Amino acid sequence: AKGREAPPASRPFHLGVAPGEEVRPSTFAAAHISIGAVEATERGELMHHSRLCAVLIDCNTSDIDEAARFWSEALGRAVDFDHPGTRGHYRMLAAQPDEPIVQLQRVEHESRVHIDIETDDIPAEVARLEGLGAKVVDRLERWVVMQAPTGQRFCVVRVQRPGFPKNATRWP
């Protein structure tokens, strides 16, 4: 909407990275530019961007390191113990540029996989997705948990990977 301000860059990241901590590049390239974005620019409206950020493997386990070893071997990616997102109940797997982040997290609910969509405007992206039929499940301090009309859960998160908005879709 016209007059919307950009969210502050000082907010912490969903992957457990606090402001000022280093974020390693790990990008995913799979988006297109919306034709409607050009028309919105001509009308002077602000737009936001979003792109696939990460695949999160939710593990209902008491040993997240054991789960990380399995997924590391299964996916051919080393566990990245030096990544700032590897701490507590979270483990990051190494990623190459232009690949999505893969993070494991220890959870209390059933084991499953979900995606994160990163955006430079969480409220605008949530509204856009609600317009497509998604429902808000939970609004947390740093991200919003949503559910697709077909039942899959996913998160809308602040920008987490370098290079944003490269390969992001621009939405009016």
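Reading guide: rules and limits
Residues numbered from 1 in each chain as written. Predicted model: local features only at pLDDT ≥ 70, side-chain atom pairs only at ≥ 80, totals over all residues. Heavy atoms only, no water. Helix = DSSP H or I, 4+ residues; strand = E, 2+ residues; numbered from the N terminus. Expected span 1.5 Å × (residues − 1). Buried < 20%, exposed > 50% of the residue type's maximum accessible area, 1.4 Å probe, protein only. Arc of directions from axis to C-beta. Contact = heavy atoms within 4.5 Å. Polar contact = N/O pair within 3.5 Å; in protein donor to acceptor, adjacent residues only side chain to side chain. Pairing = 2+ DSSP bridges.

Peer 1: Got a minute to help me understand helix α2 (residues 64-75) in this structure?
Peer 2: Three or four residues apart is the spacing at which side chains of an α-helix point the same way, because the helix has 3.6 residues per turn. An ideal rise of 1.5 Å per residue puts 16 Å on 12 residues; α2 measures up with 16 Å between its terminal C-alpha atoms. Among the residues making up α2, those that are buried are Ile64, Ala67, Ala68 and Ser72. The arc enclosing the buried residues of α2, seen along the axis, measures out at 135°, which places them on a common side. Opposite the packed face of α2, turned more than 90 degrees from it, sit the exposed residues Glu66, Arg69, Phe70 and Glu73. Elements in contact with the buried residues of α2: β1 (48-59), β2 (90-93) and β3 (101-106). Looking at where α2 begins, the residue whose side-chain oxygen comes 3.1 Å from the main-chain nitrogen of Asp65 is Asp63. Phi for Gly76, located one or two positions after α2, is positive at around 70°.

Peer 1: Just checking my understanding: could you explain the pairing of strand β7 (residues 153-158) for this structure?
Peer 2: It is a general feature of regular strands that their side chains alternate between the two faces of the sheet. With five of six residues buried, β7 lies mostly within the body of the structure. Summarising the sheet, strand β4 (residues 112-119) and β7 pair through five bridges and their orientation is parallel. Across the sheet, residue Ile117 finds its bridge partner in β7, namely Val156. Note: strand β6 (residues 143-147) against β7, five bridges, orientation antiparallel. Its bridge partner being in β7, Val144 is matched across the sheet by Val156. Here β6 hands over to β7 after five residues, with Gly151 in that stretch at a positive phi of 100°.

Function cannot be inferred from these measures alone, as they are strictly geometric.
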